[in-house]
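One-letter residues, chain by chain:
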Amino acid sequence: MADLDKQGGTPEQGGGDVSESSTTAEVEAAFAKTVDRGEPILQVRNLVKHFPLTQGILFKKQIGAVRAVDDISFDLYQGETLGVVGESGCGKSTVAKLLMNLETPTSGQILYKGEDISRLSGRALKAVRRNIQMVFQDPYTSLNPRMTVGDIIGEPFEIHPEVAPKGDRRRKVQELLDVVGLNPEYINRYPHQFSGGQRQRIGIARGLALNPEIIICDEPVSALDVSVQAQVINLMERLQDEFNLSYVFIAHDLSIVRHISDRVGVMYLGKMAEIGTDAEIYDHPTHPYTQALLSAVPQPDPATRDQRERIILTGDVPSPANPPSGCRFRTRCWKARARCALEVPDLAVPAEFRYVEGPAHHDSACFFAEDKPEVTHPQEPPAPEDPARGRAD
Amino acid sequence: MTTTQKTADLPAAKSADSAGTPLLQVKDLHVEFHTRDGVVKAINGVNYSVDSGETLAVLGESGSGKSVTAQAIMGILDMPPGRIPSGEILYRGQDMLTMSGEERRKIRGRKIAMIFQDALSSLNPVLSVGYQLGEMFRVHQGLSKKDAKAKAIELMDRVRIPAAKERVNDYPHQFSGGMRQRIMIAMALALEPDLIIADEPTTALDVTVQAQVMDLLAELQREYNMGLILITHDLGVVADVADKIAVMYAGRIVETAPVHELYKRPAHPYTKGLLDSIPRLDHKGSELYAIKGLPPNMARVPAGCAFNPRCDRAQDICRTEVPALHPVTEQDGTTLVGRGSACHFWKETIHG
């Protein structure tokens with residue numbers, strides 16, 4: 001339901017009632033108007049994943065559940081990058097696993113081109129999986145040390161032989177190595193012979209092998225050195241243009257997410273707190289959590305360090321096994337009032353901004369949403385005057 | 001954020017000797033590791049100094065030698081395979097490398113303390129945090145178990161761990177990442193040292209918790225007027241807290257500068273490359289600047305300037321001669337205080 005109001009620009013729809021959820025017909029009507037982005041390639045609807053907590057050895061009984069992902073919805077369009085940010089434990093990696101069908105959702109739907117893939121199995125699942133691939137976080141543990149690079153990248157072809165006939169595979173693997181910027185002669189080397197950045201390129205090549213439409217990247221650069229991160233990010237952007245890929249880009253580095261994403265979703269304790277385009281989220285965050293998160297990011301510019309208004313949150317993220325009632329963020333929120341403990345805020349355009357055109361007009365799950373652009377941009381410091389700075393290549 | 005003034009409220013004895021000599025000075029330090037595959041020269045001539053109340057940030061990628069330098073200062077380097085063939089580490093003018101083990105132990109923990117990166121693996125999982133915190137007092141000050149525990153509670157309060165009294169008997173796994181890092185900070189602070197070395201203190205933490213921890217560290221530093229050596233690879237954290245910066249690459253300091261200067265006008269191509277590779281707002285959509293190539297293998301450091309295979313400016317001289325840390329000056333020759341660059345072409349780099 002995320003894009004309803006934004007797409008249609010029809011504020012009369014909800015009649016001011018935030019909590020009313022839209023029917024499928026309305027959703028479709030709204031999507032019909034989105035000419036610019038086309039059909040979403042992936043639609044996530046009310047996705048829930050609870051991990052049971054059990055007690056007893058022989059007679060296990062469930063005593064509770066870790067609510068890792070609790071009712072989230074979003075869309076992914078062809079050729080776009082959706083960034084997902086949030087602290088550790090907020091459920092972003094579980095979302096990645098659910099999208100990959102590595103976990104079965106407790107409830108909710110994952111629609112790939114209109115078809116629910118979360119309940120598929122066997123041959124149908126195999127066919128869908130060809131189109132959704134993953135790049136993992138740690139290039140040191142996600143590559144089998146006993147397999148050569150050729151075997152690692154060629155393994156998807158074993159599972160989906162229709163993509164590349166047997167005699168053709170070696171050439172295909174070498175092509176892939178070339179695409180990700182590795183020497184095709186390295187095909188017989190083992191992972192330990194490569195550096196971290198090169199290994200991540202191998203992981204990306206493996207993800208590309210089956211010509212997928214969607215690649216799910218779970219913290220793809222966080223294990224890499226700073227000077228190597230930029231190389232991998234550039235590679236991923238180039239591949240996106242070349243193959244018209246859609247990325248779900250999960251990361252905790254907010255500046256990298258902003259650089260690569262078209263839209264960004266902010267997660268907190270299994271819920272989506274705010275979602276919008278990168279400019280809407282980064283320049284006009286309306287959810288207090290997003291504001292706190294952005295203000296806590298250290299800026300690589302010492303000139304701003306005294307001017308910046310920093311919101312330092314107190315305490316830690318509560319346990320997802322026992323989340324707070326109402327709004328999940330209320331225990332750490334400075335705006336929390338009685339209502340926040342009683343009602344769960346919906347992810348929709350907040351009432352204050354519903355009739356206002358502008359960057360604050362995006363989905364935010366807060367009763368007291370407020371546009372606070374100064375949080376992230378105190379006073380735009382003058383750009384370094386050195387003309388040689390910038391992209392020298 | 002951090003105060004740089006040499007406060008007058010220090011005890012007389014301290015201020016007397018801190019007048020001339022810096023709190024800690026590292027002079028031409030070399031560290032090598034003898035391995036089966038040969039000698040790895042991890043550090044090749046590092047110089048830096050820290051004063052009371054000052055924050056020095058040591059910036060570098062993995063393998064640049066920033067942590068090894070810290071371990072050498074603390075005297076916790078594994079020797080063998082490590083060896084310090086030459087160099088001096090002066091604490092208030094005394095060379096720690098020539099001291100006896102007994103003398104060093106008096107400084108370690110009491111005068112210079114360290115905060116480690118990974119709090120979970122640095123704390124003993126089978127001992128309660130109260131016991132581990134109290135160990136500082138029992139070993140160094142000979143307090144009884146009971147008194148040490150009372151002191152531990154006091155410390156936990158000071159680093160703002162809620163309900164310290166109830167939690168003092170908890171084990172490390174019962175604390176969250178941020179709280180564990182606070183315990184590490186408390187442990188380093190226990191004996192009120194003059195200098196704290198923080199090795200990537202917030203790398204494993206989330207940004208909101210990182211902000212809490214860095215704030216706490218800055219506040220405590222102000223309170224006790226401690227010197228702080230912050231080892232990190234995060235250009236954002238450095239910009240927030242550092243007074244001066246030393247950039248390390250392949251076991252050498254390639255650039256030193258006060259924090260504002262470094263970000264405004266880097267004088268070494270490596271620093272410039274790092275700063276340019278940060279995603280910037282106005283370059284959204286365009287390709288990020290990326291330093292080409294990889295950090296060198298320390299067993300096979302390139303001849304000449306170690307950065308030359310990755311450098312856009314590299315000339316023949318860079319491949320043969322190791323550049324010294326040149327003092328950096330304005331175009332008209334005025335010296336820039338505290339700035340140095342180990343590049344043959346620093347003039348071209350800083351002045352365009």
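Cut-offs and rules
Per chain, residues are indexed from 1 in the order of the written sequence. Going through the entries in the order they are written, you letter the chains from A and number the ligands from 1. Given that this is a predicted model, residues contribute local features only at a pLDDT of at least 70 and side-chain atom pairs are listed and counted only at 80 or more, while totals for whole chains, interfaces and linings are drawn from all residues. Side-chain metrics rest on all non-hydrogen atoms present in the structure, leaving aside hydrogens and water. UniProt positions are given in the numbering used here, feature names are shortened, and annotations may be inferred rather than shown by experiment. Strands are runs of DSSP state E lasting at least two residues, helices are runs of H or I lasting at least four, and both sets are numbered from the N terminus onward. Each radius of gyration reported is based on C-alpha atoms, and the globular scaling rule is 2.2 Å times the count of residues to the power 0.38. Summary of the burial criterion: residues with accessible area below 20% of their type's maximum are buried, those above 50% are exposed, and those between are partly exposed, where the area comes from a 1.4 Å probe applied to protein chains only. Residue contacts are defined here by distance: any two heavy atoms, one from each residue, within 4.5 Å place the two residues in contact. Here the buried area means the combined drop in accessible surface, using a 1.4 Å probe, for two parts upon being joined, counting both sides. Only one rule defines a salt bridge in this text: a Lys or Arg side-chain nitrogen within 4 Å of an Asp or Glu carboxyl oxygen. For this analysis, a polar contact is any N or O atom pair within 3.5 Å, provided that within protein one partner can donate a hydrogen and the other can accept it, and provided that sequence-adjacent residues contribute only side-chain to side-chain pairs. Following the grouping adopted for this structure description, the nonpolar residues are Ala, Val, Leu, Ile, Met, Phe, Trp, Tyr, Cys and Pro, the charged ones are Asp, Glu, Lys and Arg, and the polar ones are all others, Gly among them.

By the naming in an unreviewed UniProt entry, chain B is ABC transporter ATP-binding protein, taken from Streptomyces alkaliterrae. Heading Subcellular location (unreviewed entry) of the UniProt record for chain B holds this comment: "Cell membrane". According to UniProt, the comment filed for chain B under the heading Sequence similarities (unreviewed entry) is "Belongs to the ABC transporter superfamily."

The name that an unreviewed UniProt entry assigns to chain A is Dipeptide ABC transporter ATP-binding protein, with the source organism given as Streptomyces alkaliterrae. Word for word, the UniProt comment on chain A under Sequence similarities (unreviewed entry) is "Belongs to the ABC transporter superfamily."

Draft legend 1. Seen up close, the overall build of chain B. Across its full length, chain B holds 14 helices and 13 strands. Its C-alpha atoms give chain B a radius of gyration of 21 Å, near enough to 20 Å, the size a compact globule of 352 residues would have. Reported as C-alpha extents along the three principal axes, the dimensions of chain B are approximately 65 × 50 × 50 Å. Every one of the 352 residues in chain B was classed for burial, and the buried ones make up 55%. Here the analysis covers contacts within chain B between residues at least 6 apart in sequence; of these, 64% occur between residues at least 24 apart.

Draft legend 2. Representation of the interface of chain B and chain A within the structure. In this complex, chain B contributes 52 residues to the contact, which on the side of chain A involves 49 residues. Contact between chain B and chain A buries roughly 4,400 Å² in total, counting both sides, with carbon and sulfur atoms accounting for 53%. Remark: the boundary between chain B and chain A carries two salt bridges. Between Asp215 of chain B and Arg310 of chain A there is a salt bridge, and its shortest N-O distance comes to 3.1 Å. Taken together, the connections running from chain B to chain A amount to nine residue pairs in polar contact (both at pLDDT 80 or more). Only helix H9 (207–224), helix H10 (235–241), helix H11 (259–264) and helix H12 (269–276) of chain B provide two or more residues apiece to the side of chain B that touches chain A. Of the residues in the side of chain B that touches chain A, the class split is 25 nonpolar, 13 polar and 14 charged.

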